[in-house]
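Here's the letter readout for the chains.
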Amino acid sequence: MAEHEQELSEAQREHWQRTYGEHPGMYGEEPSEAAVHAAAVFRTAGAREVLELGAGHGRDTLFFAREGFSVLAADFSAAGLEQLRRAAGAQGVSGRIMTVSHDAREPLPLADASTDAVFAHMLLCMALSTQEIRALVAEVRRVLRPGGAFVYTVRHTGDAHYRDGIGHGDDIWEHGGFAVHFFPRELVDDLADGWDLREVHACEEGALPRRLWRITQTVPDR
């Protein structure tokens, strides 16, 4: 990893850890619209096990568990995962949730073809280089079973914060302490190479609003 990328990565880790510590449950208790969509996709595909990347304090993890899925929740913030575990206990779904501390730049801690579905709400558009994003999607492909579904969201280059704030190159811009990799459509298509691309849906979230694409793609059946 280049020195600047390493420094940005560490700064973002510290920023998220501090943010979750200062603002417990910062995204609320209701699931994201993307998670509601993903649950329907996963259920239709017959999925039982879900890997969530960038689970944070767990609003979507908890929703998947309440919907009957077994969830492995991964995040690099220990503070976020601790909040998730406490909430899981309070909601009585601890038995359907496991957590793992994981940096998205590292290989996924799962065997090949070992899970049914993967969900990532705005994780791929964190401060990851294009090369790191491609490597992460390859890892998702590796751990999914044939026919497995991957639903993810990213902020795109039509977002109001694109080209605003501190530029780090590679379409990464930092605003208010949060670094975001804004996706051009070409990157979405590139990441779907070798997959069955089911949907690229434009949507919005939050008060700004953040402008997102919600992507659904599946591993072809052998």
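To keep things clear, this report deals only with the structure shown in the data block. From a predicted model like this one, the values you see are computed outputs, not experimental measurements. (Residues numbered from 1 in each chain as written. Predicted model: local features only at pLDDT ≥ 70, side-chain atom pairs only at ≥ 80, totals over all residues. Heavy atoms only, no water.)

1. Describing the sheet that holds strand β8 (residues 178-181)
Line of reasoning, step 1. The antiparallel open sheet is built from three strands, whose spatial order is β6-β7-β8. The sheet is open, and its two edges are formed by β6 (166-169) and β8, each paired on a single side. Each neighbouring strand pair of the sheet contributes to a mean axis angle of 25°, computed without reference to strand direction.
Line of reasoning, step 2. Here strand β7 (residues 172-175) pairs with β8 via four bridges, running antiparallel. Residue His175 lies in a different strand from β8, and its bridge partner there is Phe178. (Pairing = 2+ DSSP bridges. Helix = DSSP H or I, 4+ residues; strand = E, 2+ residues; numbered from the N terminus. Axes fitted to C-alpha atoms, helices over the stretch in contact; angles between N-to-C directions.)

2. A closer look at unusual backbone geometry
Line of reasoning, step 1. Across the junction of Leu208 and Pro209, the peptide omega takes the value -5°, indicating a cis bond.
Line of reasoning, step 2. Tracing the backbone shows Pro209 in the loop between β9 (196-205) and β10 (210-218).
Line of reasoning, step 3. Notably, Asp170 is not glycine yet its phi reads approximately 60°, a positive angle.
Line of reasoning, step 4. Within the secondary structure layout, Asp170 lies in the loop between β6 and β7.
Line of reasoning, step 5. Of the residues examined, Asp170 reaches a relative accessible area of 39% and is grouped as partly exposed. (Buried < 20%, exposed > 50% of the residue type's maximum accessible area, 1.4 Å probe, protein only.)

3. Some points on the pattern of salt bridges
Line of reasoning, step 1. For the structure shown, the criterion picks out 17 salt bridges.
Line of reasoning, step 2. A salt bridge links Arg134 to Asp190; the shortest N-O distance between them is 2.6 Å. Here Asp190 lies in helix α6 (residues 185-191) and Arg134 lies in helix α5 (residues 130-143), a separation of 56 residues in the sequence.
Line of reasoning, step 3. On the basis of relative accessibility, which here comes to 34%, the residue Asp190 falls in the partly exposed class.
Line of reasoning, step 4. Between Asp196 and Arg198 there is a salt bridge, and its shortest N-O distance comes to 3.8 Å.
Line of reasoning, step 5. According to the relative accessible area criterion, Asp196 is partly exposed, its value standing at 31%.
Line of reasoning, step 6. With a relative accessible area of 56%, Arg198 lands in the exposed category.
Line of reasoning, step 7. In the salt-bridge network here, residues are joined through shared partners; they are Glu49, Asp116 and Arg145. (Salt bridge = Lys/Arg side-chain N within 4 Å of Asp/Glu carboxyl O.)

4. What to know about the sheet that holds strand β5 (residues 144-155)
Paired through their backbone hydrogen bonds, the strands of a sheet run either parallel or antiparallel.
Line of reasoning, step 1. Read from one edge of the open sheet, seven strands run β3-β2-β1-β4-β5-β10-β9, paired in mixed fashion. The open sheet has two free edges, formed respectively by β3 (97-101) and β9, since each of these has just one partner strand. For this sheet, the mean angle separating the axes of adjacent strands, direction not counted, is 15°.
Line of reasoning, step 2. Alignment of strand β4 (residues 115-121) against β5, held across six bridges, turns out to be parallel. Among the inter-strand pairings, His121 is bridged to a residue of β5, identified as Thr153.
Line of reasoning, step 3. Helix-sheet contacts for helix α4 (residues 78-91) involve β2 (70-75) and β3, and the interaxial angle to β3 is about 170°.
Line of reasoning, step 4. α5 contacts β1 (49-53), β4, β5 and β10 of the sheet and is inclined by roughly 150° relative to β5. (Contact = heavy atoms within 4.5 Å.)

5. Some words on the environment of Glu132
Line of reasoning, step 1. The residue Glu132 is located in helix α5 in this model.
Line of reasoning, step 2. Given a relative accessible area of 14%, Glu132 falls into the buried group.
Line of reasoning, step 3. In this structure the side chain of Glu132 is engaged in a polar contact, spanning 2.9 Å, whose partner is the backbone nitrogen of Ser129. (Polar contact = N/O pair within 3.5 Å; in protein donor to acceptor, adjacent residues only side chain to side chain.)

6. Brief notes about the nonpolar core
Here is a general trend for soluble globular proteins: nonpolar side chains tend to be buried in one another's company.
Line of reasoning, step 1. Within the largest apolar cluster, 37 residues are counted, with the highest numbers of intra-cluster contacts made by Leu53, Leu124, Phe150, Tyr152 and Phe183.
Line of reasoning, step 2. At the level of elements, β1, β2, β4, α5, β5, α6 and β10 are the ones that each hand at least two residues to this core.
Line of reasoning, step 3. With five residues, the top contributor of residues to this core is α5.
Line of reasoning, step 4. Sequence-distant contacts of Phe183, defined by excluding residues within four places in its chain, comprise Leu124, Cys125, Ile133, Tyr152, Val154, Arg155, His156, Thr157, Val188, Leu191 and Trp213.
Line of reasoning, step 5. Among the nonpolar cores identified, the runner-up in size contains 16 residues, and Ala47, Val50, Phe63 and Val71 belong to it. (Core = buried A, V, L, I, M, F, W, Y, C linked by side-chain atoms within 4.5 Å.)

7. Side note on the pairing of β7
Regular strands have side chains that alternate between both faces of the sheet.
Line of reasoning, step 1. Pairing geometry for β6 and β7, over three bridges, is antiparallel. Paired with Gly167 across the strands is Trp173, a residue of β7.
Line of reasoning, step 2. Here β6 folds back onto β7, and the loop between the two strands holds two residues, one of which, Asp170, carries a positive phi near 60°.
Line of reasoning, step 3. Between β7 and β8, which follow one another and run antiparallel, lie two residues, and Gly176 among them has a positive phi close to 65°.

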